[in-house]
Amino acid sequence: MELGRKYKLFAFLNLAISITIVTFASIETHVAFILPPFLATAATKLPDPAWKFQRSLVIISSYLLSASIGVIFVLLGSGIFIAVLASIIAYGIELILNIEHPPSILATFLGVLERVSPIYILHPVLVGVLTIEGINYVISRIMKISKK
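Notes on the structure follow. (Residues numbered from 1 in each chain as written. Predicted model: local features only at pLDDT ≥ 70, side-chain atom pairs only at ≥ 80, totals over all residues. Heavy atoms only, no water.)

### Re the nonpolar core
The nonpolar side chains of a soluble globular protein tend to be buried with one another. The biggest cluster of nonpolar side chains holds 18 residues, and the ones touching the most others in it are F38, Y63, Y120 and V125. Elements that contribute at least two residues to this core include exactly helix 1 (3-29), helix 2 (35-43), helix 3 (53-74) and helix 6 (122-147). Looking at this core, the element that brings in the most residues is helix 3, giving six residues. With residues near it in sequence (within four places) discarded, F38 still touches I19, V22, Y63, P124, V125, G128, V129 and I132. Core analysis: the second largest hydrophobic core is formed by ten residues, L65, F73, A86 and I99 among them. (Core = buried A, V, L, I, M, F, W, Y, C linked by side-chain atoms within 4.5 Å. Buried < 20%, exposed > 50% of the residue type's maximum accessible area, 1.4 Å probe, protein only. Helix = DSSP H or I, 4+ residues; strand = E, 2+ residues; numbered from the N terminus. Contact = heavy atoms within 4.5 Å.)

Written out as structure tokens, the structure is:
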């Protein structure tokens, strides 16, 4: 199989497997509102045979930062204006810290609109991003093995 097609196949598998797991977790815990950023993250991931732990740390950090800012801004109220303001601030901080991952700001936006509590940082955000990154790691390893 051509390498480009193989990457696309593994990218599709990454999306399908990780989002299926996150979707079932969302249904069971009734927190499906966070699925859009995870869909975006999973859809933008190509398995990397030389999997970079640093990139996964950036994605995990950006989601945790965004979720934390969302929780903080909930204290100011809710509504679209506060959600947008919090998202802009979250992305600005990500840029300054060099941990930008644009889909993560949806965790801020949705968190403010849903008026989340601090547990939001752990579930669904941390659980979701670890699931996506874990599946990507496994698929990257499989891809590396299948290249041999």
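Now that the structure has been shown, we can carry on.
### Let's talk about helix 2
For helix 2, every residue scored as buried is listed here: L35, P37, F38, T41 and A42. Projected down its long axis, helix 2 shows its buried positions confined to an angular sector of 165°, all on one face. (Arc of directions from axis to C-beta.)

### A look at unusual backbone geometry
With an omega dihedral of 25°, the bond running from H123 to P124 counts as a cis peptide bond. For R115, which is not glycine, the phi torsion reads 50° and is therefore positive. Summarising the element assignment, R115 is placed in the loop between helix 5 (105-113) and helix 6.

### Here's the deal with the packing of aromatic side chains
The final tally for this structure, using the stated rule, is two aromatic pairs. Ring geometry for F33 against Y120: centres 6.0 Å apart, planes inclined by 15°, an arrangement best described as stacked. Of this pair, F33 sits in the loop between helix 1 and helix 2 while Y120 sits in the loop between helix 5 and helix 6, and the two are 87 residues apart along the sequence. Judged by its relative accessible area of 2%, Y120 is buried. (Phe/Tyr/Trp six-rings, centres within 6.5 Å; stacked < 30°, edge-to-face > 60°.)

### Quick word on the packing of helix 3 against helix 5
Relative to each other, helix 3 and helix 5 sit at 25°, their axes nearing to 7 Å. The orientation of helix 3 with respect to helix 5, classified from their angle, is roughly parallel. Relative to helix 5, the crossing made by helix 3 is right-handed. Residues Y63, S66, A67, I69, G70, F73 and V74 of helix 3 form the contact with helix 5, whose participating residues are I105, A107, T108, G111 and V112. (Axes fitted to C-alpha atoms, helices over the stretch in contact; angles between N-to-C directions. Parallel < 35°, antiparallel > 145°, perpendicular 65-115°, else oblique. Left-handed = near helix turned anticlockwise from the far one by under 90°.)

### Here we look at the environment of A11
Counting through the fold element by element, A11 comes out in helix 1. We classify A11 as buried; its relative accessible area is 14%. With 13 residues separating them in the primary sequence, A11 and F24 have C-alpha atoms 20 Å apart.

### Looking at a nonpolar patch on the surface
Residues I80, F81, V84, L85, I88, I89, I93, I96, L97 and L113 make up a contiguous nonpolar surface patch of about 950 Å² in total accessible area. For the nonpolar patch, the leading source of residues is helix 4 (residues 80-97), giving nine residues. (Patch = residues over 30% accessible without salt bridge, like charges linked within 9 Å, V, L, I, M, F, W, Y side chains within 5 Å. Areas by Shrake-Rupley, 256 points an atom, 1.4 Å probe, with all protein chains shown as cover. Salt bridge = Lys/Arg side-chain N within 4 Å of Asp/Glu carboxyl O.)

None of this, on its own, says anything about what the molecule does.
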